[in-house]
Amino acid sequence: MTREVQVTFDAADPAAQAAFWAQVLGYRVQPPPPPFTTWEQALEAFGVPPERRGDASAVVDPQGRGPRVFFQRVPEGRTVKNRVHLDVRAAPGLRGAERMAALEVEARRLVGLGAVVLHRREPEPPLEAGHLVLADPEGNEFCLD
């Protein structure tokens, strides 16, 4: 039996994290359920108090293939290196210098959205598949590979 997977991030600002990751992954912020046209309407109807309405957000693959990514507000900040991270496939099929150039282009776009480049791993034989390690706006590490 297979199961659906949701990736969950703890966050200080779920909406900002959702907006960032939607751009990284080519996803979209999950729309409210019908018949609502805004999340504010939906949360009001569900009885969620105003002070809790920013506690969560999610992004979804517009083509329905990838997992939902959920962001939940937590009071504490990130304190250690994350043990699980996402590898964002930004240069599939490319090798060597061509691969690294494509990763650098994507890294520049993501830096413009609030990411930080942490380090670059050069291609090493026999795989010749280098990668870049970045952090999202709240410091969660991920790889461009």
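Structural data are supplied above this passage.
Thresholds, definitions, all that
- Every chain begins its residue count from 1, and numbering advances along the sequence as written.
- Per-residue local features of the predicted model are confined to residues with pLDDT of at least 70, and side-chain atom pairs are confined, for both listing and counting, to 80 or more; whole-chain, interface and lining totals are unaffected and use all residues.
- Neither water nor hydrogens contribute to the side-chain values; these are computed over all heavy atoms in the structure.
- Strands here are runs of E lasting at least two residues and helices are runs of H or I lasting at least four, both read from the DSSP assignment and numbered beginning at the N terminus.
- Each residue gets one of three labels from its accessible area relative to the maximum for its type: buried under 20%, exposed over 50%, partly exposed in between, using a 1.4 Å probe on protein chains only.
- Any two residues whose heavy atoms approach within 4.5 Å at even a single point are treated as in contact.
- Under the convention used here, a 1.4 Å probe and the Shrake-Rupley method define accessible areas, while residue burial counts only the protein chains that appear.
- Note: two strands are recorded as paired if DSSP finds a minimum of 2 bridges between them.
- For helices, the fitted line uses only the C-alpha atoms of the stretch in contact; every axis is such a line through C-alpha atoms, and the angle between N-to-C directions lies from 0 to 180 degrees.
- Should an angle lie under 35 degrees it is considered roughly parallel, over 145 roughly antiparallel, and from 65 to 115 roughly perpendicular; all remaining angles are considered oblique.
- Crossing handedness follows the turn of the near helix against the far one: under a right angle anticlockwise gives a left-handed crossing, and clockwise gives a right-handed one.
- Here the nonpolar group is Ala, Val, Leu, Ile, Met, Phe, Trp, Tyr, Cys and Pro; Asp, Glu, Lys and Arg are the charged ones; every other residue, Gly included, is treated as polar.

Q: Honestly, the overall build of the protein in this entry has me stumped. Any pointers?
A: Looking only at helices and strands, the protein features three helices and eight strands. In sequence order, the secondary structure elements of the protein are arranged as β-α-β-α-β-β-β-α-β-β-β. Seen through its principal axes, the protein has C-alpha atoms that stretch 55 × 35 × 35 Å. Across the 145 residues of the protein, 32% fall into the buried class. Nonlocal contacts in the protein, meaning residues at least 24 apart in sequence, comprise 61% of its contacts between residues at least 6 apart. When the accessible surface of the protein is totalled, it reaches about 9200 Å², and 55% of it is carbon and sulfur.

Q: Looking at this model, I keep getting lost on the pairing of strand 7 (residues 131-135). Mind explaining?
A: Within a regular beta strand, the side chains point alternately toward one face of the sheet and then the other, so they alternate between its two faces. Among the five residues of strand 7, four are classified as buried, and the element is accordingly described as predominantly covered. Direction of pairing for strand 6 (residues 116-121) relative to strand 7: antiparallel, over a ladder of five bridges. By the bridge assignment, Val 116 is partnered in strand 7 with Ala 135. Adjacent in sequence and paired antiparallel, strand 7 and strand 8 (residues 141-144) are bridged by five residues, among which Gly 139 carries a positive phi angle near 90°.

Q: Please explain the packing of helix 1 (residues 14-25) against helix 3 (residues 96-112) as it appears in this structure.
A: Between two packed helices, both the angle of their axes relative to each other and the distance between the axes serve to describe the pair. At their nearest, the axes of helix 1 and helix 3 sit 10 Å apart, and the two run at 160° to each other. Relative to helix 3, the element helix 1 is oriented roughly antiparallel. The two elements helix 1 and helix 3 meet at a crossing, and its hand is right-handed. Each of Phe 20, Gln 23 and Val 24 in helix 1 lies in contact with helix 3, whose residues at this interface are Glu 106, Arg 109 and Leu 110. Grouping the amino acids of the contact of helix 1 with helix 3 by side-chain chemistry returns three nonpolar, one polar and two charged.

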